[in-house]
Every structure is written in C-alpha cells, then in structure tokens.
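Architecture at a glance
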Amino acid sequence: MNIMENRKLRMGMVGGGSDAFIGAIHRCAAFLDNQIELVCGCFSVDPDISLSSGLSYYLPENRIYRNYQEMFEKEVALPEGERMDFVTIVTPNRWHFEPAMMALERGFHVVVDKPITFSLEEAKLLQEKVEETGLLLALTHVYSGYPAVKDAKARIANGELGKIRRVYVEYPQGWLADRIELQGGNNAGWRTDPKRSGKAGCVGDIGTHAWHLSEYITGLKVVEVCAELNAFVPGRPIDDDAAALLRYDEGVKGVLTASQIAAGEANNIRIRIYGEKAGLEWRQEEPNSLYLKHGNGCTEIIKVGNNTTLNDAGKFYTRTPAGHPEGFMEAFANIYRNFAFALRAVKNGQKPEEKYMDFPNVYDGVRGMQFIETMVAAGYNDEIKWQKWID
C-alpha cells in the first residue's frame, strides 16, 4: 500500500506564531478536512516566541526551529517518513521569497500568502523554480474559494451571461482611516511600510484580491489600466486608496476600487459583472447569495447550500445545508483541500484531477505582482494615461 493512502500530509510553517493573526486562520483551514497535520515550524523571528508558539501547538521541541534556514536544513535531513511534505509561509511580504525558494530547492511543496513576493523579479524566479522542479505552489487568494464564486465562474463559462461587457469590482476597508500604525500592537505597521510590504500598500494588500477575483470569475485577463493611487492619511508613505479603469482582453471594460480609508467598512469586497444577456453580483459580507440579474428585469437569488440550484462547481465546494452560512474559513479550507488532494496524487505518482488543481498558483502570483507594478506605474504618474500590462 502506498504510504500516502493511510496518513495525513505533514505541514511545516514559517510565521504564524501566537503573536500573529493570519497563521491561526491557515491552520484552521488546513485542518478542516482532516487531510493535513502540523509537524514543525519556525513561527516567529523571535526564537522565544517561536518556541512558545510551537509548544502551544503541541509540537515536540526538536521540531520547533529558531529560524527557517535551520528548519529546512534539518527537515530535509529527516527520513522521508518523518519530514514535512510542504510548508506554509505566512510572513510579511518582504519575507515570502527566500523561504519559498529554499523550500522548493529542497524538494518541499509550498503554500504562501499573497502577494507572492516582495517584487516582480522575485515572483518570476519562483515561477522558474516551480517549472524546474515540478513542485506545487498554492497562493491563498481566499475569495476564489467561496462556493458562490465557483458557481458564478461556472455560469459565465456556460454562457449564461452572454458575451461579457462590463466588470465592477471593489474592496473597501476602513481600518486604516487613521494612522494606527504608529500605535503598535496591530498588523498596520508592516502593511504601511514599503520596506516590508513592497512598493504598494492598499493595492498590494487588498487591490490584488479585487483584481484576482475579477480575472478568476470572468476568465479574462487585464491588459491595460488607467489608475490613481492616493495616500490620504497625512504622513503615510504608501498608498491607502486606489481606483482604476481596466481594459480586459476581448474588449471587456472594468472599474476597480480599493480603499483602506473607507470609514465604517470592514471587508466589503463586491463584484458585479454584466453581459449581453444577464448580470451577476456577489459580495463577501453576504457570501451565500449570488444575484443573477436577467435581461427581463427579474433578479434570481441563488442561495448556496447542498441543493439543486447550484452548478456542479458550486456544489463541490459547499459544505453545509442552505441557510447555514459558509464564509472565510471554509473558503480558505477549499484552497487547502484542493492543494492536499493534488499533492497526495503527486506523491502517489499520479496526475491530479483537474478539479483539484483549481487553486491560485505561481502564475497567479506573477500576474499579481504585474498588477501591482502596472498600478504603481500608472497611479503615480501625474499624466493620466493608459498603462499597458507590465510583463
């Protein structure tokens, strides 16, 4: 019997200690389908926090590492039946590339938070390494994991909207309406520091989510942008607000807005797509409802759940009966589930089923960095003009 048929996949972690936010989300999502277990990690740049975090996760002390370099060297030296199968990287953007590259060079598969790297050049190097090694890399653009989003994508692919004409996507938040990064004790510090986040703030943090959602659902690619980036809060060195006109391939036009100074907003990501025959709308704060707007003026509300109203794609990602909301954690888990099933197949010497490869990958990561570069090139130019997609 193949060893992968009777054990969980072993996950290591870089970042995600007790002093972090998103690490706990990743662990809960990874564990939800009982396919994955945490076996090791370097959970913080502070060795004491890494140790205390690992112990609180009930890991043996010899699998809790002081730094990620030590982690990769010691893990790769373990017998194949003990070492981790893949690593999840949940650090500030500045520290995505090196651990991801080290993991790939040592034969470990990778899950990494978005944006994939600090720069476009780093993203392209990771793409080359993934192609060279054949290893899997998943990028956690979480909003693509919602069942209603999967259903919307399938309806567009099936032609229910006809030829797409117009896309509106927005992601307003309000948590950075004041300069809270100066207070400490929150995640605002590194997100508003270009030395740690990269050349974009709001655009890199949430604008990439809006862009990816629009491309994922429609199946179209952005080819040009006309953008404006703003730093509304005095003294903030990086953008906290952005707006752009988008030109997709096939002549489709779009509008994207992302803002972290929209006072009163939480995580109100919303998308509307209009075709020749119909339109659809979805918003993350009401995730179980997909609005299908027919050309005759009638609007059909499609409720997510284990029911007959969904496409097969929507049903596959649905975990609860209709009326029981599925949200952020389950969407994250859908990415981890697909990654786990794909990785299990690879380790068994099999080709993963196509549906299991439906997770954001290194190519989405490179396009995400291209989006950031293109937005910055357009948004900080005093002359309003169209900027072609930066390759």
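Preceding this paragraph is the structure being described.
These figures come from a predicted structure and were not determined experimentally. (Residues numbered from 1 in each chain as written. Predicted model: local features only at pLDDT ≥ 70, side-chain atom pairs only at ≥ 80, totals over all residues. Heavy atoms only, no water.)

The subject of this paragraph is the pairing of strand β9 (residues 253-259). Note: strand β6 (residues 164-172) against β9, seven bridges, orientation parallel. Residue pairing in the sheet places V169 in a bridge with L256 of β9. Pairing between strand β8 (residues 241-248) and β9: seven bridges, direction antiparallel. Within the sheet, the bridge partner assigned to R247 lies in β9 and is K253. (Pairing = 2+ DSSP bridges. Helix = DSSP H or I, 4+ residues; strand = E, 2+ residues; numbered from the N terminus.)

By secondary structure assignment, the location of S53 is in helix α2 (residues 47-56). If we ignore the near neighbours within four places in the chain, the residues touching S53 are G17, S18 and F43. (Contact = heavy atoms within 4.5 Å.)

This part is about the packing of helix α5 (residues 120-133) against helix α12 (residues 362-379). Following both chains from N to C, one finds α5 and α12 inclined at 165 degrees, their axes separated by 9 Å at the closest point. One finds that α5 runs roughly antiparallel with respect to α12. By crossing handedness, the relation of α5 to α12 is classed as left-handed. Taken together, the residues of α12 that come into contact with α5 (itself represented by L120, A123, K124, L126, Q127, V130 and E131) are V362, Y363, V366, M369, Q370 and E373. The residue makeup of the contact of α5 with α12, split by class, is eight nonpolar, two polar and three charged. (Axes fitted to C-alpha atoms, helices over the stretch in contact; angles between N-to-C directions. Parallel < 35°, antiparallel > 145°, perpendicular 65-115°, else oblique. Left-handed = near helix turned anticlockwise from the far one by under 90°. Nonpolar A, V, L, I, M, F, W, Y, C, P; charged D, E, K, R; others polar.)

Attention now goes to the sheet that holds β6. Consider a sheet: its strands pair through backbone hydrogen bonds, and that pairing is either parallel or antiparallel. Pairing in this open sheet of nine strands is mixed, and the strands run β13-β12-β11-β10-β6-β9-β8-β7-β14 from one edge to the other. Across the chains shown, the open sheet's two edge strands, defined by having one partner strand only, are β13 (299-303) and β14 (387-388). Lying over the sheet, helix α6 (residues 147-157) contacts β6, β10 (270-275), β11 (278-283), β12 (289-294) and β13, oriented at roughly 25 degrees with respect to β12. Against the sheet, α12 contacts β7 (222-230), β8, β9 and β14, and its axis sits at roughly 55 degrees relative to β7.

What follows concerns the side chain of H141. Examined against the element boundaries, H141 turns out to sit in the loop between β5 (137-139) and α6. Assessed through its relative accessible area of 3%, H141 is described here as buried. Each residue touching H141, except ones within four places of it in the same chain, is listed here: K114, T208, H209, W211, H212, I335 and P360. (Buried < 20%, exposed > 50% of the residue type's maximum accessible area, 1.4 Å probe, protein only.)

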